[in-house]
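So the chains spell out like this:
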There are 2 protein chains.
Amino acid sequence: MYVETPCVVLDMEKVHRNLQRMADICQRNHCGLRPHTKTHKIPELAKLQIEYGAAGITVAKLSEAEVMADHGITDIFMAYPLIGESRIRRAIALSRRIRLICAADCLESAEAISRLCRAEGAVLELRLEVDTGMHRTGIPYETALQEALRIAALPGVRLQGLFTFRGMMYDGETCLDRRKCGHQEGSLMAALAEEIRKEGIPIQDVSVGSTPTAEFCAEVPGVTEVRPGTYIFQDMMQVNTSACESTLEDVAATVWTQVVSCCKPDVIVVDSGCKSLSTDAAPGKFPYSLRGYGTVAGYPELSLSRLSEEHGMLDLERPCPSIHVGDILRIIPNHICPTVNLYDRVYLLRDHELYGSYEVAARGRNY
Amino acid sequence: MYVETPCVVLDMEKVHRNLQRMADICQRNHCGLRPHTKTHKIPELAKLQIEYGAAGITVAKLSEAEVMADHGITDIFMAYPLIGESRIRRAIALSRRIRLICAADCLESAEAISRLCRAEGAVLELRLEVDTGMHRTGIPYETALQEALRIAALPGVRLQGLFTFRGMMYDGETCLDRRKCGHQEGSLMAALAEEIRKEGIPIQDVSVGSTPTAEFCAEVPGVTEVRPGTYIFQDMMQVNTSACESTLEDVAATVWTQVVSCCKPDVIVVDSGCKSLSTDAAPGKFPYSLRGYGTVAGYPELSLSRLSEEHGMLDLERPCPSIHVGDILRIIPNHICPTVNLYDRVYLLRDHELYGSYEVAARGRNY
């Protein structure tokens, strides 16, 4: 099977191994697993995650949920505020086909959902998003109890759970001790759920954790679910922070790229730029210690130091006589999730042979 | 017409005005215009550029050329090294349908093209890429004459021209004086072409310039063609360096985004992250003086200071009571080219009304 570069290639043995490892973690801790499929946006991989024990999936945007539902996924949590009349109506329509859990981070947003649900004779399951330090969406932790009580009183919605996305934080600071971070995240959210339950609201799910912290969040009593995404593929951000104890050997997704220019002794140019490798995780980005815009497998001395749109530059400290025009190099992306989102299709590798492909069916579904 | 956010919206009056301005510049200087369509990847807009006097278009990758040819564009320059047997064969096939000009930056790459062209009984038009300071693809300026003579002697290819991409550089340094940069770029390349012609090689085209420098390159005697791309839309990088004298009023492409969270006094969250706005042009990137990951039209005090995949954070110095959950904001992207590449479709605005859309037909065509 021949594929033009640049392309994303998945080593399926590593995919299965990464899925098994997280499944084991969750099973051992009797904790639910609801993988975030924004990492791959591929229904076939979502189904594989469910085969490995996931109760359902997580998505960021409603259009992703719609694609996944169209491909047979029947239990989806959209971990993103449901905003706007048109989207609320789409969510209600989708909730008549599958189990859809939606999210709100304040009373005002929940009221809008409530109004339209009543008008359409529907009841949507809701989770309250709590801000535990990321300072993006989410009601501040301190006011979450009161907001939860108000939302729980609304008709047309059922406050089913709580969730947070916290990254790697401990006591409000970015921290590389994933165990401490995960335990604190889980404990904070489990305690909040208990407080809300004491007020008579039957909070069922406490959903926390991402790839770096999931294994430790899952250990915390009261946490019912973790939502890791990147673990299926891994990438340089995760390797550099040892998420899931991952190493370069665990990275399942690489971008294959071709050398297009070697005519100067101090730079090799490949055919992947920022239209083929995402640039959100830039060199030096704390706390990931990223050296360049991606790492060349097998060439630890090389750094993808500059990208333009379709060019990637490996600036050399000394000439690299083993690399020639036309060679294929494998780039380990810094951040695989927005990288996969640049491709319509990914290719599958087994026993060093390309044997098939998946459509990235929810690529670009950001609405 | 209702469109979900995030979405790219083109103000078509501004598109036409931007096209007219560059057409006037080229006509006044009797210089050819071959717009780089990597900015939009939309055949309808490529055709509009040809209506405005472009002789043909430029693309970066062969798959873009194939899409444009499928939509009726008949004169295409691929300003990128043509590498690899499969791609060379695709290029030969395409050259039997349209006028396709290819590129090489060294003898070795040109020889591979020559071999396959002879085998297939074809002759490909070639341009030699010259590195005039960007330090990516391109033969070093100092050795370009000798390389051109060797390539010109190959059968199966016809060395038709020279090209360079130089950005904004003067005497080897990044420089904001676009006039000086453009004049130097044009003069260097025109002089090189003359040297090659003296050796009996009939170099026809000297193709230079990008949006910031095109108007000055076009003034240089001996320059036959400029290849601006961004000028059709403009963006914050161009506005901040006053390319084409552009101002915020000239920016034709904005990302419409919806406010999804306002529940904290010091941050507003919108539904555009790095899957909706490219991050290659990051805040502080020299020489563009970018404040955030995009500028909010009408709110000069706001800065899109953080992005995650689907969240954009406007961190506030003081509360902004005029913005509410559900509001639509218009973001002027830092770099429009990789931003458009994130969308399947863009929407068209005239007289403040959305009235249609174009498919981004070459989106993701990076191979």
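Bear in mind that the values here come from a model prediction, so they are computed numbers and not experimental data.

1. Examining the packing of helix α4 (residues 85-95) of chain A against helix α5 (residues 107-120) of chain A
Residue and element names in this part refer to chain A. Two numbers describe how α4 lies on α5: the axes approach to 10 Å, and their chain directions differ by 50 degrees. As far as their axial angle goes, α5 and α4 are oblique. The chirality of how α4 crosses α5 is right-handed. Every residue of α5 that contacts α4 at Glu-85, Ile-88, Arg-89 and Ile-92 is listed here: Ala-112, Ile-113, Leu-116, Cys-117 and Glu-120. Residues of the contact of α4 with α5, tallied by class, amount to six nonpolar, no polar and three charged.

2. Describing the interface of chain A and chain B
Contacts between chain A and chain B engage 53 residues on the former and 53 residues on the latter. Of all the secondary structure elements, the ones that give two or more residues to the side of chain A that touches chain B are β4 (75-81), α5, β7 (139-140), β13 (253-264), β14 (267-270) and α10 (336-340) of chain A. Element by element, the count of residues in the side of chain A that touches chain B is highest for β13 of chain A, at five residues.

3. Regarding the relation of the copies chain A and chain B
Rotating chain A by 180 degrees and translating it 0.0 Å along the rotation axis places it on chain B, where the RMSD comes to 0.0 Å. Here the two chains are linked by the operation of a two-fold rotation axis. By C-alpha distance to the rotation axis, the residue of chain A lying nearest is Thr-279 of chain A, at 2.9 Å. A shared binding surface is used by both copies, with 100% of the interface residues of chain A retained as interface residues in chain B.

4. Quick word on helix α5 (residues 107-120) of chain B
Residue and element names in this part refer to chain B. Under the 1.5 Å per step criterion, the end-to-end length of α5 is 20 Å for 14 residues, consistent within 8% with the ideal 20 Å. Listed as buried for α5 are Leu-107, Ser-109, Ala-110, Ile-113, Ser-114 and Cys-117. Burial along α5 is one-sided: seen end-on, the buried residues are contained in an arc of 155 degrees. Buried residues along α5 sit in contact with β4 (75-81), α4 (85-95), β5 (99-104), β6 (124-131), α6 (144-152) and β8 (157-163). With its phi angle positive at about 65 degrees, Gly-121 sits one or two positions after the end of α5.

5. Considering the environment of Gly-172 of chain A
Its location among the elements puts Gly-172 of chain A in the loop between β9 (169-170) and β10 (173-174). Classification of Gly-172 of chain A by C-beta neighbours within 10 Å gives exposed; the count is 9.

6. Remarks on the nonpolar core
Ranked by internal contacts, the top residues of the largest apolar core, which has 232 residues, are Met-78 of chain A together with Met-78 of chain B. For Met-78 of chain B, the residues in contact, after removing those within four places along its chain, are Val-59, Leu-62, Ala-65, Leu-100, Cys-102 and Ala-103 of chain B.

7. Here we look at the environment of Ile-196 of chain B
Residue and element names in this part refer to chain B. Positionally, Ile-196 belongs in helix α7 (residues 178-198). Note on Ile-196: 21 C-beta atoms within 10 Å, which makes it buried. Among all residues touching Ile-196, those that are not within four sequence positions of it are Leu-145, Ala-148, Ile-201 and Ile-203.

8. Some words on the domain arrangement of chain A
Residue and element names in this part refer to chain A. Assigned domains of chain A: these are domain 1 (12-232) and domain 2 (248-359). Contact with domain 1, which involves 16 residues of that partner, is made by twelve residues of domain 2. Counting only elements with at least two residues in the side of domain 1 that touches domain 2, the list comes to α1 (12-28) and α2 (43-51). At five residues, the largest contribution of residues to the side of domain 1 that touches domain 2 is made by α1.

9. What to know about unusual backbone geometry
Residues and elements named next belong to chain A. In this structure, Pro-287 follows Phe-286 across a cis peptide bond, with omega equal to 0 degrees. Following the sequence through the fold, Pro-287 ends up in the loop between β14 and β15 (294-296). The backbone phi angle of Asp-171 is positive, close to 50 degrees, even though this residue is not glycine. For Asp-171, the location among the structural elements is in the loop between β9 and β10.

10. Some thoughts on the pairing of strand β13 (residues 253-264) of chain B
Residue and element names in this part refer to chain B. For β13, the tally of buried residues reaches twelve of twelve residues, placing the bulk of the element in the interior. In this structure, strand β1 (residues 7-11) lies alongside β13, joined through four bridges in antiparallel fashion. Residue pairing for β13: Leu-10 is matched across the bridge by Ala-253. The loop that links β13 with its antiparallel partner strand β14 (residues 267-270) comprises two residues.

Basis of the calculations
- Counting starts from 1 at the beginning of each chain's written sequence and moves along it residue by residue.
- Each chain is given a letter, starting from A, and each ligand a number, starting from 1, according to the order in which they appear as written.
- The predicted nature of this model means local features are confined to residues of pLDDT at least 70 and side-chain atom pairs, given and counted, to a pLDDT of 80 or more, with totals for whole chains, interfaces and linings taken over all residues.
- An axis is simply a line fitted to the C-alpha atoms; with a helix, the fit covers only the stretch in contact. Between two such axes, the angle follows the N-to-C directions and lies from 0 to 180 degrees.
- Helical segments are the DSSP runs of H or I of at least four residues, strand segments are the runs of E of at least two, and each set is numbered from the N terminus.
- Any angle that falls under 35 degrees is termed roughly parallel, while one over 145 is termed roughly antiparallel, one within 65 to 115 roughly perpendicular, and all others oblique.
- Each crossing is labelled by how the near helix is turned from the far one, with a counterclockwise turn of less than a right angle marking it left-handed and a clockwise turn marking it right-handed.
- Contacts are defined on C-beta atoms placed from the backbone: any two residues whose C-beta positions lie within 7 Å are in contact.
- Charged residues are taken to be Asp, Glu, Lys and Arg, nonpolar residues to be Ala, Val, Leu, Ile, Met, Phe, Trp, Tyr, Cys and Pro, and polar residues to be all remaining types, Gly included.
- When the copies are superposed, the least-squares fit takes in the C-alpha atoms of residues with a pLDDT of at least 70 in both.
- To estimate how far a helix should reach, multiply one less than its number of residues by 1.5 Å.
- Burial is judged by counting other C-beta atoms within 10 Å of a residue's own C-beta: 20 or more means buried, 12 or fewer means exposed, and anything between counts as partly exposed, with every C-beta placed from the backbone.
- This arc corresponds to the set of directions leading from the helix axis out to the C-beta atoms.
- Each nonpolar core comprises buried Ala, Val, Leu, Ile, Met, Phe, Trp, Tyr and Cys residues, the members being joined through C-beta atoms within 7 Å.
- Each domain span listed reflects an automatic or database assignment of domains.
- Pairing between strands requires that DSSP locate at least two bridges from one strand to the other.

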